[in-house]
Amino acid sequence: MEAPAVTRSRRPFLAPLWLTLLGLVVMAGIAWSVYRAAGTTVVLLVPTTAREPGTIADPPLSAEGEEQAQRLARLLGDAAAAGALDAIYVSDEQRAKQTAAPLAERLQRAPVVFAAADAATTAARAVHEHAGRTVLVIGGAGALPQMLEELTGTEVSRAPVQSDLIYVVSVPTFGRAHVLRLKF
């Protein structure tokens, strides 16, 4: 009479270990893919200078606005620096286009022009298309509160937007957005 085969008794014992190991590998793969997909998109919202009361509907930049545009180009115009801009969005107002011109020329990047009435959808589009990157948005006082509301998911007061502030909005893939106001 022959002794029973050892492999028959070991297979049922090793099967739970292999299945557990396979489950751990699958869970680690899912966790890794979620980790890789998670990122934070940084949106810089820059308002244009206020227009003079009683002027035309879409006036050009004032001297103060031209100075602001040059400061913005010096501040954000280094394409080789860490955290360089990946995209520039500009509202269709003349002042916004003129504010972005020195920076776009310095970075050799054409800005994406959007209608001020479509500011909320443009904010969502910018975050979706440039996930995990840095985006600059230059717009008028009417567009920026809509964008802040869309990016943060909270209602923003309709107080006038100050033209000497940069709103830094960090939009994580998971969680709430945060807003930081910087004076420049």
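Before any of the text, the structure's been laid out above.
For the structure given in this document, a descriptive report is provided here.

What counts and what doesn't
- Numbering of residues begins from 1 in every chain and follows the order in which that chain's sequence is written.
- Under the rules for a predicted model, residues below a pLDDT of 70 receive no local features and side-chain atom pairs below 80 are neither given nor counted, while totals for whole chains, interfaces and linings still include all residues.
- Processing note: side-chain calculations cover all non-hydrogen atoms of the structure and skip hydrogens and water entirely.
- The way it works is that DSSP assigns letters per residue, a run of H or I at least four long becomes a helix, a run of E at least two long becomes a strand, and they are numbered from the N terminus.
- The classification of residues rests on relative accessible area computed with a 1.4 Å probe and restricted to protein chains. Under 20% of the type maximum is buried, over 50% is exposed, and intermediate values are partly exposed.
- Here the Shrake-Rupley method, with its probe set to 1.4 Å, supplies the accessible areas, and only the displayed protein chains count as covering residues.
- Residue contacts are counted whenever heavy atoms from the two residues lie within 4.5 Å of one another.
- Strand pairing is assigned whenever DSSP identifies at least 2 bridges connecting the two strands.
- Lines fitted to the C-alpha atoms define the axes, with helices restricted to the stretch that makes contact. Angles between their N-to-C directions range from 0 to 180 degrees.
- The criterion is simple. A nonpolar core is a set of buried Ala, Val, Leu, Ile, Met, Phe, Trp, Tyr and Cys residues joined through side-chain atoms within 4.5 Å.

Before going further, it helps to examine the overall build of the protein chain. In terms of helices and strands, the protein chain carries 5 helices and 6 strands. Out of the 184 residues in the protein chain, the part that is buried amounts to 35%. Working note: accessible area of the protein chain is about 11600 Å², and carbon and sulfur atoms make up 58% of it.

So, about the environment of Ala143. Take Ala143: it is sitting in helix H5 (residues 143-152). When the C-alpha positions of Ala143 and Thr122 are compared, they lie 9.9 Å apart, and in sequence the two are 21 residues distant. Setting aside residues up to four positions removed in sequence, Ala143 forms contacts with Phe114, Ala116 and Ala119.

Within the open sheet, the 6 strands sit side by side as E3-E2-E4-E1-E5-E6. Their pairing is mixed. Pairing within the sheet leaves two strands with one partner each, and these edge strands are strand E3 (112-114) and strand E6 (178-183). Sheet twist, expressed as the average angle between the axes of neighbouring strands with direction ignored, equals 20°. Of the strand pairs in this sheet, strand E1 (residues 40-47) and strand E4 (residues 134-139) are connected by 6 bridges, and their pairing is parallel. Residue pairing in the sheet places Leu44 in a bridge with Leu136 of E4. Contacts between helix H3 (residues 94-107) and the sheet are confined to strand E2 (87-91), E3 and E4, with E2 contributing the most and set at about 160° to the helix. Across the sheet, helix H4 (residues 119-129) lies against E1, E2, E3, E4 and strand E5 (165-172), angled at about 175° from E2, the strand it touches most.

The next subject is H5. Judged by how many residues are buried, H5 sits mostly within the fold: 7 of 10 residues are covered. Taken together, the buried positions of H5 are occupied by Ala143, Leu144, Pro145, Met147, Leu148, Leu151 and Thr152. On its buried face, H5 is in contact with E1, E3, H4, E4, E5 and E6. Phi for Gly153, located one or two positions after H5, is positive at around 75°.

Another point: unusual backbone geometry. For Gln108, which is not a glycine, the phi torsion comes out positive at approximately 55°. Mapping Gln108 onto the fold places it in the loop between H3 and E3. Look at Gln108 and you get exposed, because its relative accessible area is 75%.

With that settled, the discussion passes to the pairing of E6. Note: E5 against E6, 6 bridges, orientation antiparallel. Residue pairing across strands places Leu165 opposite Lys183, the latter belonging to E6. Connecting E5 to the next strand, E6, in antiparallel fashion are 5 residues, including Gly175 with a positive phi near 105°.

Take the nonpolar core next. The tendency in soluble globular proteins is for nonpolar side chains to be buried side by side. Ranked by size, the top nonpolar core spans 21 residues in total, and within it Leu45, Val137, Met147, Leu151 and Val169 carry the most contacts. Secondary-structure elements contributing two or more residues to this core are E1, E2, H4, E4, H5 and E5. Sorting elements by how many residues they give to this core places H5 first, with 5 residues. Setting aside anything within four residues of it in sequence, one finds Leu45 in contact with Val137, Leu144, Met147, Leu148, Leu151, Leu165, Ile166, Tyr167 and Val169. Listed in part, the 18 residues of the second largest apolar core include Ala100, Leu103, Ile138 and Ile166.

So yeah, pure geometry; function would need other evidence.
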